[in-house]
Amino acid sequence: GRIPIVWSGTQNSGLFGYAICTEGDYNADGMYDMVASSMYYDISGKTNAGAVFVYPGASELIQANTDVQAPFILYGEGNTNEFGSSLSFADVNGDGFDDLLIGARAYNGNAHTSTGFAYIYYGSENGISAQYGAKFTGVQLGENFGYQVKGIGDVNGDGFEDMAVGSVFYDASGSGFAGRIYVFHGSASGIASKSADQADAIITGAYPRNQLGYVIIRRVGDINNDGYDDILASGGDDAYTVGQAYVFFGSATGVGTRTTLESDVLFTAPVANSRYAIGLAGGRDINGDGYKDFAIGEAQLKRFHIYFGTEQGWSNTPDVTIQGSETFFGNRLKMVDINQDHIFDILASTYNGAPDTGAVYIIYGKDNIVSGNIQDVADDVYVTHQPNYFHPTDGPSVFVDAEREMYLTIPSATANNKGEVYFFDLCREFNPYVQLGFGGVPIQQIIADSTTSNEQLLQSNAEPSLMRAFPNPYVGSTTIELTTTQLGRAKLEVFNTAGQKVAELTNTVLPIGKYTVEFSAQKAGMSAGLYTIVLTSSDNVEVMRVFELGD
């Protein structure tokens, strides 16, 4: 049943999925939207101009899609723009519509001879604006302004979300790639176009090759519980440095202009040149003690560390180390409450697992997380179906939104680097009817093999699996397909948007085989829209979404 929805790139070397953002609602329709970029997309003779593909929430229901089939596409302005080098959502003008933030790190040339740009495209009830509402310019040739762009919450407590832009190759007084993070405060009118040196706060790397701004975590929240959101970020940890991760606390005036020597919390790599803090997550409680914790990868050594929060703060010595065996394990880390037990869980990716495919391991939050090998301590694993073609250092990037929908981006997928994005619904592992809440009504019952007696069937222990709905979205009716690999009972129920059960498609015992059921909401007198089918067996629950478009 873990067959993902896949979006595929269409242009050779376009790297579709290089950047992605999923936890934002730009038209305030109550559904999270997805945007994904092809940073090296060529358009109208412009090489590597870049493109950003916008999928509204309902598009998640399409079982397979390509970049050019996106309902809305934004393109880079010029040759070698690398438009879409980073993506994020943030409501910077407080109007209730999330705005799309886009980085273009190489506007004036290749990645090492450019100043870079960042853009804001404002959201509205009509969707994302076709023209950017604000444009921000780097100030130093080669700084790669726009390498990262993130919505960082409200760091100055004025009620508007703020934006951070990373410039990993900023050269501070000849220090060589010290890096910078520029912070721009939101307001009722949004953020006006300006150059980087007009930012409300500037944080500069204190060491050569610090590469500050390589990683900036979106909406990390209020880590020290003072009422202001904070910034969690790291440098690049290249071959010349000892990696570090930093927390900068917000205040009534924001995070303030400073260097990394003045960070409020500092984590330093136990070992030099270990790709420390490229995988970075934090500001969440993963052991249920009420304090914020951090997870930091050392991908060169195939491991990540956990630092537990305490009343006194955080130690620079890891409390737990999780060791992997696959290439660059821990290079991407996320914290999200997957099973809705109010304790956050950890997701860690590798690009060469299971074997020769990308994999994401899940460790559920608990009060007794201990050091060990990931194969021993992981509670679950998700594997992509694309072998071999993963970026040799990045692996699959992991994105999980508040609805527990997981996206894996593989920009180097396929031999021609066209790129792919995989979608998994983590809710299938649980029974969250009320949280999901969709609906539907059956038209035909499943046709089962009648050669086996009911007595025999009732004694089985099958785990049926939902496979797909086709077409989806649909007009008129759709067909739900499920399979069973053992004899066993299968119950298919339908829930409306309020989380109420509105129908039961079937509740019977099925032999091994493939089964289908056709259904339509409108034919049963219900309105078109978004629905769910819930398949329950003895110890397995799966959820499948469908979307009826109407006549």
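Residues numbered from 1 in each chain as written. Predicted model: local features only at pLDDT ≥ 70, side-chain atom pairs only at ≥ 80, totals over all residues. Heavy atoms only, no water.

**Student:** Residue-level account of the overall build of the protein chain, with values.
**Tutor:** For the protein chain, the count of helices and strands is 3 helices and 39 strands. Per-residue burial over the protein chain gives 61% buried out of 551 residues. Sequence-distant contacts, at least 24 apart, represent 60% of the contacts inside the protein chain between residues at least 6 apart. Accessible surface, the protein chain as shown: approximately 20000 Å² in total, 47% of it carbon and sulfur. (Helix = DSSP H or I, 4+ residues; strand = E, 2+ residues; numbered from the N terminus. Buried < 20%, exposed > 50% of the residue type's maximum accessible area, 1.4 Å probe, protein only. Contact = heavy atoms within 4.5 Å. Areas by Shrake-Rupley, 256 points an atom, 1.4 Å probe, with all protein chains shown as cover.)

**Student:** I'd like to hear about unusual backbone geometry, residue by residue, with values.
**Tutor:** In the Ramachandran plot, Asn48 falls in the positive-phi region, its phi being about 55° despite a non-glycine side chain. Following the sequence through the fold, Asn48 ends up in the loop between strand 3 (34-38) and strand 4 (51-55). Owing to a relative accessible area of 22%, Asn48 belongs among the partly exposed residues under this scheme. For Thr80, which is not a glycine, the phi torsion comes out positive at approximately 55°. Topologically, Thr80 is positioned in the loop between strand 6 (72-75) and strand 7 (83-90).

**Student:** Break down the environment of Ile217 for me, citing the residues and quoting the values.
**Tutor:** Structurally, Ile217 can be placed in the loop between strand 16 (215-216) and strand 17 (231-234). In this structure the C-alpha to C-alpha distance between Ile217 and Gln148, which are 69 residues apart in sequence, comes to 9.6 Å. Contact partners of Ile217, with chain neighbours within four places excluded, come to Ile152, Leu232 and Leu280.

**Student:** Tell me about the sheet that holds strand 10 (residues 134-137), and please be specific about residues and values.
**Tutor:** The sheet built from 5 strands is open, its strands ordered 7-8-9-10-14 with mixed pairing. Of all the strands in the sheet, just strand 7 and strand 14 (194-195) have a single pairing partner and so form its edges. Summarising the sheet, strand 8 (residues 99-104) and strand 9 (residues 117-121) pair through 5 bridges and their orientation is antiparallel. Across the sheet, the residue bridging to Gly103 is Ala118, located in strand 9. (Pairing = 2+ DSSP bridges.)

**Student:** Report on the sheet that holds strand 28 (residues 372-373), specifying residues and quantitative values.
**Tutor:** Strand pairing in a sheet relies on backbone hydrogen bonds, with the paired strands running either antiparallel or parallel. Strand order in the open sheet formed by 5 strands is 21-22-23-24-28, with mixed pairing between adjacent strands. Of all the strands in the sheet, the pair left with one neighbour each is strand 21 (276-284) and strand 28.

**Student:** So what's going on with the pattern of salt bridges? Residues and values would help.
**Tutor:** Overall, the coordinates contain 7 salt bridges when judged by the stated rule. In this structure, Glu161 engages Arg219 in a salt bridge whose closest nitrogen and oxygen atoms are separated by 2.7 Å. Of this pair, Glu161 sits in the loop between strand 11 (145-151) and strand 12 (163-167) while Arg219 sits in the loop between strand 16 and strand 17, and the two are 58 residues apart along the sequence. For Arg219, a relative accessible area of 26% gives the class partly exposed. Salt bridges linked by common partners bring Asp98, Glu161 and Arg219 together as one network. (Salt bridge = Lys/Arg side-chain N within 4 Å of Asp/Glu carboxyl O.)

**Student:** Tell me about the packing of aromatic side chains, and please be specific about residues and values.
**Tutor:** Applying the stated rule across the entire model yields 21 aromatic pairs. Aromatic side chains Tyr121 and Tyr132 sit 6.3 Å apart centroid to centroid with 85° between the ring planes, which places their arrangement in the edge-to-face category. Placement of the pair is Tyr121 in strand 9 and Tyr132 in the loop between strand 9 and strand 10, with a sequence separation of 11 residues. Taking relative accessible area as the criterion, Tyr121 reaches 5% and is therefore assigned buried. In textbook terms, an aromatic cluster arises when at least three aromatic residues are bridged by ring pairs, as seen for Phe83, Phe117, Tyr119, Tyr121 and Tyr132. Stacked on the ring of Phe344, the Lys or Arg Arg284 has its end atom at 5.6 Å from the ring centre. (Phe/Tyr/Trp six-rings, centres within 6.5 Å; stacked < 30°, edge-to-face > 60°. Lys NZ or Arg CZ within 6 Å of the ring centre and 35° of its normal.)

**Student:** Let's hear about the side chain of Lys135: which residues, and what values?
**Tutor:** Mapped onto the fold, Lys135 is located in strand 10. A relative accessible area of 17% places Lys135 in the buried class. A distance of 2.9 Å separates polar atoms of two side chains, one belonging to Lys135 and the other to Glu77. (Polar contact = N/O pair within 3.5 Å; in protein donor to acceptor, adjacent residues only side chain to side chain.)

**Student:** So what's going on with the environment of Val168? Which residues, and what values?
**Tutor:** Among the structural elements, Val168 can be located in the loop between strand 12 and strand 13 (180-184). For the pair Val168 and Gln211, spaced 43 residues apart in sequence, the C-alpha separation works out to 4.5 Å. Contact partners of Val168, with chain neighbours within four places excluded, come to Glu143, Asn144, Tyr147, Phe177, Ala178, Gly179, Gln211, Leu212, Gly213 and Tyr214.

**Student:** Account for the side chain of Asp337, naming residues and giving values.
**Tutor:** Checked against the element boundaries, Asp337 lands in the loop between strand 25 (332-336) and strand 26 (345-353). A residue is classified by how much of its surface remains accessible, and Asp337, at 11% relative accessible area, is buried. Polar side-chain contacts of Asp337 include one of 3.3 Å to the backbone nitrogen of Asp341.

**Student:** Residues and numbers for the nonpolar core, please.
**Tutor:** Grouped together as the largest cluster of nonpolar side chains are 22 residues, with contacts concentrated most on Leu232, Val247, Phe267, Tyr276, Leu280, Phe294 and Ile296. Listed by contribution, the elements that provide at least two residues to this core are strand 18 (244-248), strand 20 (265-268), strand 21 and strand 22 (293-298). A per-element tally of this core places strand 21 first, with 4 residues. Aside from chain neighbours lying at most four places away, what touches Ile296 is Ala245, Phe267, Tyr276, Ala277, Gly279, Leu280, Phe304, His305, Tyr307 and Leu333. Membership of the second largest hydrophobic core comes to 21 residues, among which are Leu101, Ile120, Met163 and Phe184. (Core = buried A, V, L, I, M, F, W, Y, C linked by side-chain atoms within 4.5 Å.)

Keep in mind these numbers describe shape, not what the thing actually does.
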